[in-house]
Amino acid sequence: MENKLRTLKENAELEITSADSMEVLEKARVKYLGKKGELTEILRGMGSLSSEERPIIGKVANEVREAIETLLEEAKSTMKSKVLQQQLKKETIDITMPGKKEKIGKKHPLTQGLDELKNIFIGMGFKIAEGPEVETVYYNFDALNAAPNHPSRDMTDTFYINEELILRTQTSPVQVRVMEKMKPPIRIISPGRCFRNDTPDATHTPMFHQLEGLVIDKGITLGDLKGTLEVFAKTFLGSHTEVKFRPHHFPFTEPSAEVDASCFKCEGDGCNFCKGSGWIELLGCGMVHPNVLRNCGIDPEEYSGFAFGMGIDRLVMLKYGIDDIRLLFENDMRFLNQF
Ligand code: DAH
């Protein structure tokens, strides 16, 4: 029996020292020390031993168990650090390798320009209003006092969805929507997309952006209109900018005007940017027509106001010296990254 125990110990030693994984070590433990293991098997035979032999074999059996246990413990801890080392080796990062560059976007020049425009008007106490891009003929034309035969209503100028629905051609319908809902005093701007049936060229795209302004209160005069737009032009284009009001016609304002700014490139001397005139057209404006006020349920005897509308794309082009509007919509990062 003693021999059996010694052989068992030798076998166990061999198996444990040559094990190459945790699983093999665990199997060895079950095989030799487990409840149904070989050591238990041998000890079961102790009943047939004499009372002199029993303590001696018992002692040897205990020594064998302890030896195997110690061996297993050592082998397991060696295995653990080996596994860790292998894992560390596998997971090392080569810090000399070039990293992946994150491409960080930036604001489109139109968004930058719009942010600036909004800030200027918010600074003068305006709030921002919004209206739908798919608009009714009523809001886009009728309520704005456009004659039934006004040329802009033509299919060749306007995108019709059906007889009553169009893609808005201007942001002016927001004026009507605001006046229907709000009681004066009203002081809003409304930027957004507009659509016209134009063939794209350097100054036209079928989709473009406008910013509408509307002020309604008691006693608003042409002087308020001029002052507001002069402050706007000087803030946006530079304090040396001169502003000129030219009589014009819009169905929804009376009187109406177009506003020109002195050319910021040649400062009025005349250059190819301003086509030699020294002036650049900025926007349309006027005193809100009494018919429009009435259409919105506002009494023109009690209230008056002014409105204006400007092309955002155009203003951004002027400010940044962009000579083709199509560049704004081609999404070429080589172009956009310059701003
Ligand atoms: N809606 C006009 C256009 O698209 C621009 C405009 C002119 C708006 C005068 C106004 C205004 O509010 O008073 O050409």
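For the structure itself, consult the block above.
Being a predicted model, the structure only gives us computed values, none of them experimental.

Basis of the calculations
- Residues numbered from 1 in each chain as written.
- Predicted model: local features only at pLDDT ≥ 70, side-chain atom pairs only at ≥ 80, totals over all residues.
- Heavy atoms only, no water.
- Helix = DSSP H or I, 4+ residues; strand = E, 2+ residues; numbered from the N terminus.
- Rg over C-alpha atoms; globule rule 2.2 N^0.38 Å.
- Buried < 20%, exposed > 50% of the residue type's maximum accessible area, 1.4 Å probe, protein only.
- Contact = heavy atoms within 4.5 Å.
- Near = heavy atom within 4 Å.
- Polar contact = N/O pair within 3.5 Å; in protein donor to acceptor, adjacent residues only side chain to side chain.
- Areas by Shrake-Rupley, 256 points an atom, 1.4 Å probe, with all protein chains shown as cover.
- Disulfide = S-S within 2.5 Å.
- 1 Å grid on protein atoms, 1.4 Å probe; cavity = no way out; pocket = protein on both sides within 12 Å on 5 of 7 lines; lining within 4 Å.
- Points joined across faces, edges and corners; volume = space filled by probe spheres on them.
- Nonpolar A, V, L, I, M, F, W, Y, C, P; charged D, E, K, R; others polar.
- Lys, Arg positive; Asp, Glu negative; His and termini not counted.
- Salt bridge = Lys/Arg side-chain N within 4 Å of Asp/Glu carboxyl O.

> Tell me about the overall build of the protein chain, and name the residues and values.
On a plain count of helices and strands, the protein chain comes out with 11 helices and nine strands. The C-alpha atoms of the protein chain give 44 Å as radius of gyration, which overshoots the globular expectation for 339 residues (20 Å, by more than 25%). Each of the three principal axes of the protein chain carries a C-alpha extent, and together these read 130 × 45 × 40 Å. In the protein chain, which comprises 339 residues, the share counted as buried stands at 40%. Contacts in the protein chain between residues at least 24 apart in sequence constitute 67% of all its contacts with a sequence separation of at least 6.

> Give a description of the site of the ligand that names residues and reports values.
Around the ligand, the surrounding shell holds 15 residues, and the nearest of these are Q170, Q175, R196, Q210 and E212. Within the side chain of Q170, one N or O atom sits 2.8 Å away from a nitrogen atom of the ligand. One of the side-chain N or O atoms of E212 is found 2.5 Å from an oxygen atom in the ligand. When the ligand sits alone it has 350 Å² of accessible area, and the protein chains cover 89% of it.

> Before we move on, could you go through the state of the cysteines and cite the residues and values that matter?
This structure, assessed with the given rule, holds zero disulfides. With no disulfide of its own, C263 lies closest to C266 among cysteine sulfurs, the gap being 3.7 Å. Classification of C263 by relative accessible area gives buried; the value is 1%. Free of any disulfide, C271 has its nearest cysteine sulfur in C266, 3.7 Å distant.

> How would you summarise the layout of surface pockets if you had to cite specific residues and measurements?
In this structure, the second largest pocket occupies an estimated 260 Å³ of space. Forming the boundary of the second largest pocket are 13 residues, of which L114, P191, G192, R193 and H209 lie nearest the centre. Counting residues per element, the ones that place at least two in the lining of the second largest pocket are α5 (109-123) and β4 (186-195). It is β4 that provides the largest number of residues to the lining of the second largest pocket, a total of four residues. Of the residues that constitute the lining of the second largest pocket, the class distribution is four nonpolar, five polar and four charged.

> Requested: an account of the side chain of D313, with residues and values cited.
Mapped onto the fold, D313 is located in helix α10 (residues 312-320). R193 provides the closest opposite charge to the buried, unpaired D313, separated from it by 8.8 Å. Dropping the residues within four chain positions of it, D313 is found in contact with L110, F208, H209, I325, L328 and F329.

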